[in-house]
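So you can see what is in the structure, the chains are spelled out below.
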Amino acid sequence: MASITLKGNAINTSGELPEVGTTAPNFTLITNSLAPTSLNDYKGSRVVLNIFPSLDTGTCAASVRAFNKEAANLDNTKVLCISRDLPFAQARFCGAEGIENVVTLSDFNNGQFGKDYNLEIVNGPLANLHSRAVIVLDEAGKIIYTEQVPEIVDEPNYAAAVAALG
């Protein structure tokens, strides 16, 4: 279990993030058009997994905006913004915000992504949502960077995630 905080109050995730140097577990998530997509669909591209509880919070929305801006300048890189929000809410947010350089994906149906990546929050008011984390993968799907944000209301270290892409 990873210990994180929500506004200073201790909460826990289901485990530790996958280790740097390992192959990222495959997943199937739901796109804004309600179609399934998997990590295998992004093989050959570098991938940034921007993971968060919900787009309906200021910090989560800020992370999507920040990675949207960064993604415009990254070659052969896909930024996947993953939460348990409904795909309709993700599409509405991206449309209203002019978000075009990232892909929003939903784990709403069963939360399996959160379980497989050990980032499901297991207690507290956000139980069953995802913790805030960033995982960066190379073109072969190997994990080259991870960050479990220790305080869920804080933003991730965008510069470190982008720097991991070299």
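For the structure, check the block above.
What you see is a predicted model, and the numbers here were worked out from it, not measured in a lab.

> Before we move on, can you summarise unusual backbone geometry with the specific residues and values?
Of note in this structure, Leu34 is not a glycine but carries a positive phi near 70 degrees. In this fold, Leu34 is placed in the loop between β3 (28-30) and β4 (36-38). Taking relative accessible area as the criterion, Leu34 reaches 45% and is therefore assigned partly exposed. A positive phi is found at Asn118, a non-glycine position, where the angle reads about 60 degrees. You can see Asn118 is positioned in the loop between α3 (112-116) and β8 (133-137).

> Lay out the pairing of strand β6 (residues 77-83) with the relevant residues and their values.
Note on strand geometry: in a regular strand, side chains alternate between the two faces of the sheet. Counting buried positions along β6 yields six of seven residues, so the element is predominantly enclosed. Relative to strand β7 (residues 103-106), β6 runs parallel, the two sharing four bridges. Looking across to β7, one finds that Cys81 is bridged to Thr104.

> Let's hear about the packing of aromatic side chains: which residues, and what values?
Following the criterion strictly, the structure yields three aromatic pairs and no others. With centroids separated by 5.2 Å and ring planes inclined at 90 degrees, the aromatic side chains of Phe27 and Phe113 adopt a geometry described as edge-to-face. Of this pair, Phe27 sits in the loop between β2 (9-12) and β3 while Phe113 sits in helix α3; the two residues are 86 residues apart in sequence, bridging distant segments of the chain. The residues Phe27 and Phe113 share a single accessibility class, namely buried. Site record: aromatic cluster; members linked through ring pairs are Phe27, Phe113 and Tyr117.

> So what about empty space enclosed by the protein? Which residues, and what values?
Using the criterion set out here, one finds one cavity of 30 Å³ or more in the structure. For the lining of the largest cavity, a count of residues per class yields five nonpolar, two polar and three charged.

> Tell me about the nonpolar core, residues and numbers included.
Formed by 19 residues in total, the largest nonpolar core has its most connected members in Leu49, Phe113 and Tyr117. Residues contacting Leu49, with those up to four places away along its chain left out, are Phe27, Leu80, Ile82, Phe113, Tyr117, Ala133, Val134, Ile135 and Leu137. Membership of the second largest hydrophobic core comes to 16 residues, among which are Val48, Leu55, Val134 and Tyr158.

> Please give an account of the pattern of salt bridges that cites residues and values.
Enumeration over the complete set of coordinates arrives at one salt bridge. We note a salt bridge from Glu120 to Lys115, for which the minimum N-O separation is 3.6 Å. Classification of Glu120 as buried rests on a relative accessible area of 11%.

> Go over the environment of Leu74 with me, naming the residues and quoting the values.
Relative to the helices and strands, Leu74 is located in the loop between α1 (58-71) and β6. For the pair Leu74 and Ser45, spaced 29 residues apart in the sequence, the C-alpha separation amounts to 11 Å. Beyond its immediate chain neighbours, meaning those up to four positions away, Leu74 contacts Val162 and Leu165.

> Got a sec to walk through the side chain of Thr37? Specific residues and values, please.
Relative to the helices and strands, Thr37 is located in strand β4. Polar side-chain contacts of Thr37 include one of 2.7 Å to the side chain of Asp41.

> How would you summarise the pairing of strand β1 (residues 3-6) if you had to cite specific residues and measurements?
Along β1, the buried face is formed by Ile4 and Leu6; none of Ser3 and Thr5, which line the opposite face, is buried. Summarising the sheet, β1 and β2 pair through four bridges and their orientation is antiparallel. Each residue of the ladder has a partner; that of Leu6, found in β2, is Asn9. Linkage of β1 to β2, two consecutive antiparallel strands, is achieved through a turn of two residues, within which Lys7 is found at a positive phi near 55 degrees.

Rules behind the numbers
Residues numbered from 1 in each chain as written. Predicted model: local features only at pLDDT ≥ 70, side-chain atom pairs only at ≥ 80, totals over all residues. Heavy atoms only, no water. Helix = DSSP H or I, 4+ residues; strand = E, 2+ residues; numbered from the N terminus. Buried < 20%, exposed > 50% of the residue type's maximum accessible area, 1.4 Å probe, protein only. Pairing = 2+ DSSP bridges. Phe/Tyr/Trp six-rings, centres within 6.5 Å; stacked < 30°, edge-to-face > 60°. 1 Å grid on protein atoms, 1.4 Å probe; cavity = no way out; pocket = protein on both sides within 12 Å on 5 of 7 lines; lining within 4 Å. Points joined across faces, edges and corners; volume = space filled by probe spheres on them. Nonpolar A, V, L, I, M, F, W, Y, C, P; charged D, E, K, R; others polar. Core = buried A, V, L, I, M, F, W, Y, C linked by side-chain atoms within 4.5 Å. Contact = heavy atoms within 4.5 Å. Salt bridge = Lys/Arg side-chain N within 4 Å of Asp/Glu carboxyl O. Polar contact = N/O pair within 3.5 Å; in protein donor to acceptor, adjacent residues only side chain to side chain.

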